Amino acid sequence: MFAIALIATEVHAQQAPVVTAADYARAERFLRDSVLPLVSGMGVVQPIWLSGDRFGYRTATRAGRQFVLVDPSKGTRVVCSPETDRCGGALDPREVSRVQTGSRPSAPRAESVSPDGKRAAFIRGYNLWVRDIATNRETQLTTDGQKDFGYATDNAGWVKSDRPVLIWSPDSRKIATFQQDERHVGEMYLVTTKVGHPELQAWKYPLPGDSVIAMIQRVVINVDTPRVIRFQMPPDAHRSTLCDHVICRGTEWADVQWYPDGSHIAFVSTSRDHKHEVFRVADAATGAVRDVFREDVATQYESGNGVVNWRALPASNEVIWFSERDDWGQLYLYDLATGQLKNKITSGEGNVAQLRRVDEKTRTIWFVGNAKERGRDPYFRHFYKIRLDGTGLALLTPENADHDIALSPSGQFFIDAYSTPDVPPVTVVRDLNGKTIVTLETGDITRLRATGWKPPIPITVKARDGKTDLYGLMYVPTNLDRTKKYPIVNHIYPGPQTGSVGGRSFSPARGDAQALAELGFIVVEIDGMGTPWRSKSFHDAYYGKMGDNTLPDQVAGMKELAARYPWIDLNRAGIYGHSGGGFATADAMFRYPDFFKVGISEAGNHDQREYEDDWGERYQGLLTRNADGSDNYAPEANQPLAKNLKGKLLLAHGTMDDNVPPYNTLLVVNELIAANKDFDLILLPNRAHGFGNEAYMVRRRWDYFVKNLLGAEPPREYRIGGRPVQ
């Protein structure tokens, strides 16, 4: 009898926590759609630029949405109505129409409008055409375009569209573009799920190691009297200095710049492996090409963060060039005629992240930089100016925060929204010397805090080497009980093109990290070695070894946090991520099977040989095959490690994912089956790559951690509000 009572007591003591629908409802209140309406003056000013650097924007207040008209030259900020009284007559009818439509494009099709607004270029039948906007008259510019060898084609394999890739000359009389040769490039296939015959999607999608990849033949097209001038050079690989496409920001073709008079085009040719860059100038009339200088690197070249950081300065016969040759992103001044280095513009620790403005008359430049201010989060962006001779460096945004900068059309003013992950934004207009002209918005989170909301906690931990500082965020339950033990969940994106945290600006919700914490977890995001925005050596930490995935840093950081906070239960460690984070999650479950107990891998690119060519070849290097049939990519893939699985793993993929094809996950599934391993799988029919924020996937993610890591039974089929989680 005594033994029975003892057993009963022991069972009661180990009883699993209870998680109810009410707990899920509470967690749901921490998703973006729920918390954003509780914030006033968020500082997210999306300017609609008008004449004279004036701009308007709409903002949410407790009384509702309102329109604000700002005139930086006068330092005025006026709440008014463009619809009823044209803001006291300050707006003309065209500006009212502009304000009403906002910044949304009005073009009826995928077109590129000329600088003078009179013509629009578009693709039809693999050729380039222009349309006279006033008369709608169409003119064919090229005639020899054909399937898989068309003009201005937008296809990088992992992303594609019908929009033309080109740049108009400043006088609107010429177009710089290319004819993209994909005729012998391998294809990718996806099949829809439907009743009846499925539909096959097939398109050109080169892979690492393919003998043929997409190549571009650069051309200039005279528009008035259609004529094609081909550059006198071999075709370039479909590459850019900044990203995995020739388009890197919106619809802008990267690494191409017209001279102001339209006589020449400056551009950069990038090698297939991103190790060799050649700065070139082409004569727009003849197609003759002159090589000015080149840069060669041991790993991979990158020209900045989000913006290509080189500029040709024809008036002074100079080039501003970006390089990380001293381990930091710096700017250098070259002679455009001789290709010789004139001087270093920026120096010291910290990066030039984005070159934003060049004043050739005063020989001054303005740039966004990071990691230059000692004692501050190195990911905080600041705005600086400096002269081209390297003197006069000045910090224009002194606040210890992350600064999001938007320049006015004239470049004489800039909008600065500054904040931190735990402090809401203040948005001001400043002049080019950093003087505050007018305050636009101040974030008010009073109502948000009244709900019990708390911001994530900025954290600093040591990397795998025990020396390097790593930065991240930690999310804890708002009702944290320090006498209890909580499972720890790592939300990961390993790089190399970005990190787990993302931007350092304020956001009332970052995905579902806080919502997951509310269910009884400690959630961490750590930017490990191999992610950008730090030094070149930091970014290249696992170049050529993609299977690293920053995991040694994640494990080291989580162990340090557990030693620092006794309420973290390191014996119950989980991990989840999407895309590259899905790759890292499965990798973690296979390489660290005794540490990570539960993982959720979504849309993972588990083997770079089955993902687009530019990503793997840039960060892993060109695929090389050995005599025995092995190659340098195989050790970094996930499926050969699947036999190591010990914990609970959920794999998820969209069946129509044209970014990371679903075959990546099926390769892992096949090896898990071969190893006789238990696992869970969700295939989302007809979904593309971005299903991770879909309410169903979010709920299944919560369920999986609650059941397998927390040890509780989740409420059955809880329905999250019906909206995507942003």
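Note that this is a predicted model, so its numbers are computed, not measured.

**A word on the overall build of the protein chain**
Regarding its fold elements, the protein chain presents 13 helices and 44 strands. Relative to the globule expectation of 27 Å for 726 residues, the C-alpha radius of gyration of the protein chain, 27 Å, shows essentially globular dimensions. Within the protein chain, the fraction of its 726 residues that count as buried is 56%. The contacts of the protein chain with a sequence gap of at least 6 include a subset with a gap of at least 24, amounting to 60%. Carbon together with sulfur atoms contributes 51% to the accessible area of the protein chain, which is approximately 30,200 Å² in total. Side-chain charges of the protein chain comprise 87 positive and 89 negative groups, with the mean position of each set lying 3 Å from the other.

**Focus: the pairing of strand S4 (residues 76-80)**
Two faces belong to every sheet, and in a regular strand the side chains alternate between them. The pairing of strand S3 (residues 64-71) with S4 spans five bridges and is antiparallel. Note that in S4 the partner of Asp71 across the bridge is Thr76. From the end of S3 to the start of S4, which pair antiparallel, there are four residues, and Gly75 there has a positive phi angle of about 70°.

**Focus: the environment of Gln330**
Relative to the helices and strands, Gln330 is located in strand S27 (residues 330-335). Remark: the alpha-carbon pair of Gln330 and Thr346, spanning 16 residues in sequence, is separated by 5.5 Å. Reaching out from Gln330, the side chain makes a polar contact with the side chain of Thr346 at a distance of 2.7 Å. From its side chain, Gln330 meets the backbone oxygen of Gly348 in a polar contact 2.7 Å long.

**Quick look at the sheet that holds S4**
In spatial order, the strands read S1-S2-S3-S4; together these four strands make up an open sheet with antiparallel pairing. The two strands at the open ends of the sheet, each matched to only one other strand, are strand S1 (48-49) and S4.

**Some remarks on the sheet that holds strand S6 (residues 119-124)**
Read from one edge of the open sheet, four strands run S5-S6-S7-S8, paired in antiparallel fashion. Edge strands, defined here as strands with exactly one partner in the open sheet, are strand S5 (112-113) and strand S8 (138-140). With three bridges connecting them, strand S7 (residues 127-132) and S8 associate as antiparallel partners. When the bridges of S8 are listed, Arg131 appears paired with Glu138.

**A closer look at a nonpolar patch on the surface**
A contiguous nonpolar patch, built from Tyr189, Val191 and Leu200 and spanning about 290 Å² of accessible area, is present on the exposed surface. Looking at the element boundaries, Tyr189 is found in strand S14 (residues 187-191).

**Topic: the state of the cysteines**
Here the structure, examined in full by the defined rule, presents two disulfides. Linked covalently through their sulfurs, Cys80 and Cys87 form a disulfide whose S-S length is 2.0 Å. Sign of the S-S torsion, about 65° for the bond between Cys80 and Cys87, identifies this disulfide as right-handed. Using a relative accessible area of 17% as the deciding quantity, one classes Cys80 as buried. Here Cys243 pairs with Cys248 through a disulfide, and the sulfurs are 2.1 Å apart. Between Cys243 and Cys248, the S-S dihedral sits near -85°, and the bridge is therefore left-handed. By sequence-ordered numbering of the bonded cysteines, the protein chain has its disulfides arranged as 1-2, 3-4.

**Section: the side chain of Lys372**
Counting through the fold element by element, Lys372 comes out in the loop between strand S30 (364-370) and strand S31 (381-387). An unpaired buried charge is present at Lys372: no salt bridge exists, and Glu373, the closest side chain of opposite charge, is 7.2 Å distant. For Lys372, the contacting residues outside a window of four places in its chain are Ser347, Glu349, Gly350, Asn351, Phe367, Tyr384 and Leu393.

**Structural notes on helix H5 (residues 93-101)**
Those residues of H5 that sit buried are Glu95, Val96 and Val99. Buried residues along H5 cover an arc of 105° about the axis, so they all sit on one side. Every exposed residue of H5 that faces more than 90 degrees away from the buried side is listed here: Pro93 and Arg94. Those residues of H5 that are buried lie in contact with S1, strand S2 (55-61), S3 and helix H4 (86-89). Of the residues that open H5, the one with a side-chain oxygen 3.0 Å from the backbone nitrogen of Arg94 is Asp92. Downstream of H5 by a residue or two, Gly102 has a phi angle that is positive, lying close to 70°.

**Here's the deal with the environment of Tyr543**
With respect to the helices and strands, the residue Tyr543 is situated in the loop between helix H8 (536-539) and helix H9 (551-564). Taking the C-alpha atoms as reference points, Tyr543 and Pro206, separated by 337 residues in sequence, lie 21 Å from one another. Among residues more than four places away in sequence, those in contact with Tyr543 are Lys275, Thr299, Gln300, Arg618, Tyr619, Gln620 and Gly621. Among the polar contacts made by the side chain of Tyr543, one reaches the main-chain carbonyl oxygen of Thr299 at a distance of 3.5 Å.

**A word on the pattern of salt bridges**
This structure, assessed with the given rule, holds 53 salt bridges. A salt bridge links Asp144 to Arg230, with the nearest nitrogen and oxygen atoms 3.3 Å apart. Within this pair, whereas Asp144 is found in the loop between S8 and strand S9 (149-151), its partner Arg230 is found in strand S17 (residues 227-230), the two being separated by 86 residues in sequence. Here the salt bridges share partners, and the residues they tie into one network are Arg239, Arg272, Asp613, Asp614 and Glu617.

**What about the side chain of Arg357?**
Position of Arg357 among the secondary structure elements: in strand S29 (residues 351-359). Exposure remark for Arg357: the relative accessible area of 13% places this residue in the buried category. Within polar-contact distance, the side chain of Arg357 engages the backbone oxygen of Gly411 at 3.0 Å. Among all residues touching Arg357, those that are not within four sequence positions of it are Thr364, Ile365, Trp366, Leu407, Ser410, Gly411, Gln412 and Leu432.

**Remarks on the pairing of S7**
Most of S7 is tucked away: five of the six residues are buried. Remark: two residues form the turn of the hairpin made by S6 and S7, two consecutive strands paired antiparallel; Gly125 in that turn has positive phi of roughly 60°. Between S7 and S8, which follow one another and run antiparallel, lie five residues, and Asn136 among them has a positive phi close to 70°.

**Overview of the packing of aromatic side chains**
Centre-to-centre distance and the angle between the planes together describe a pair of aromatic rings. Under the criterion given, the structure shown has 24 aromatic pairs. Ring geometry for Phe122 versus Trp129: centroids 6.4 Å apart, planes at 25°, classification stacked. Given the relative accessible area of 2%, Phe122 is considered buried. Among the residues examined, Trp129 registers a relative accessible area of 16% and is labelled buried. Between Phe178 and Trp253, the aromatic rings sit 5.3 Å apart at their centres with planes inclined by 70°, giving edge-to-face as the arrangement. With Phe178 in strand S13 (residues 174-181) and Trp253 in strand S20 (residues 252-253), this pair connects stretches of sequence that are 75 residues apart.

The rules behind these values
The residue count restarts for each chain, going from 1 along the sequence in the order it is written. Local features in this predicted model are restricted to residues whose pLDDT is 70 or higher, and side-chain atom pairs enter the listing and the counts only when it is 80 or higher, whereas totals over whole chains, interfaces and linings include all residues. To obtain the side-chain values, all non-hydrogen atoms of the structure were included, while hydrogens and water were left out. Comment: elements are numbered from the N terminus, with helices defined as DSSP H or I runs of at least four residues and strands as E runs of at least two. For the radius of gyration, the atoms used are the C-alpha atoms, and the globule rule reads 2.2 Å times the number of residues raised to 0.38. For every residue, the accessible area (1.4 Å probe, protein chains only) is compared with the maximum for its type, and the residue is labelled buried under 20%, exposed over 50%, or partly exposed between those bounds. Note on contacts: a residue pair qualifies if any of its non-hydrogen atoms lie within 4.5 Å across the two residues. To be clear on the numbers: accessible area is Shrake-Rupley with a 1.4 Å probe, and residue cover counts the displayed protein chains and nothing else. Positive charges are assigned to Lys and Arg, negative charges to Asp and Glu, while His and the chain termini are left out of the count. Every charge is mapped onto a representative atom, which is NZ of Lys, CZ of Arg, CG of Asp or CD of Glu. When DSSP finds at least two bridges between two strands, those strands are taken to pair. Residues adjacent in sequence count toward polar contacts only when both atoms are side-chain atoms; beyond that, a polar contact is any pair of N or O atoms within 3.5 Å, and within protein one must be able to donate a hydrogen and the other to accept it. Note on patches: the residues involved have over 30% relative accessible area and no salt bridge, like charges join within 9 Å, and the nonpolar side chains Val, Leu, Ile, Met, Phe, Trp and Tyr join within 5 Å. Counted as salt bridges are all cases of a side-chain nitrogen of Lys or Arg within 4 Å of a carboxyl oxygen of Asp or Glu. Any pair of cysteine sulfurs within 2.5 Å is marked as a disulfide. Working definition: the arc comes from the directions between the helix axis and the C-beta atoms, pointing outward to the latter. Classification of ring pairs uses Phe, Tyr and Trp, with its six-membered ring standing for Trp, and accepts pairs whose centres are within 6.5 Å; under 30 degrees between planes counts as stacked, over 60 as edge-to-face, and the remaining range as tilted.

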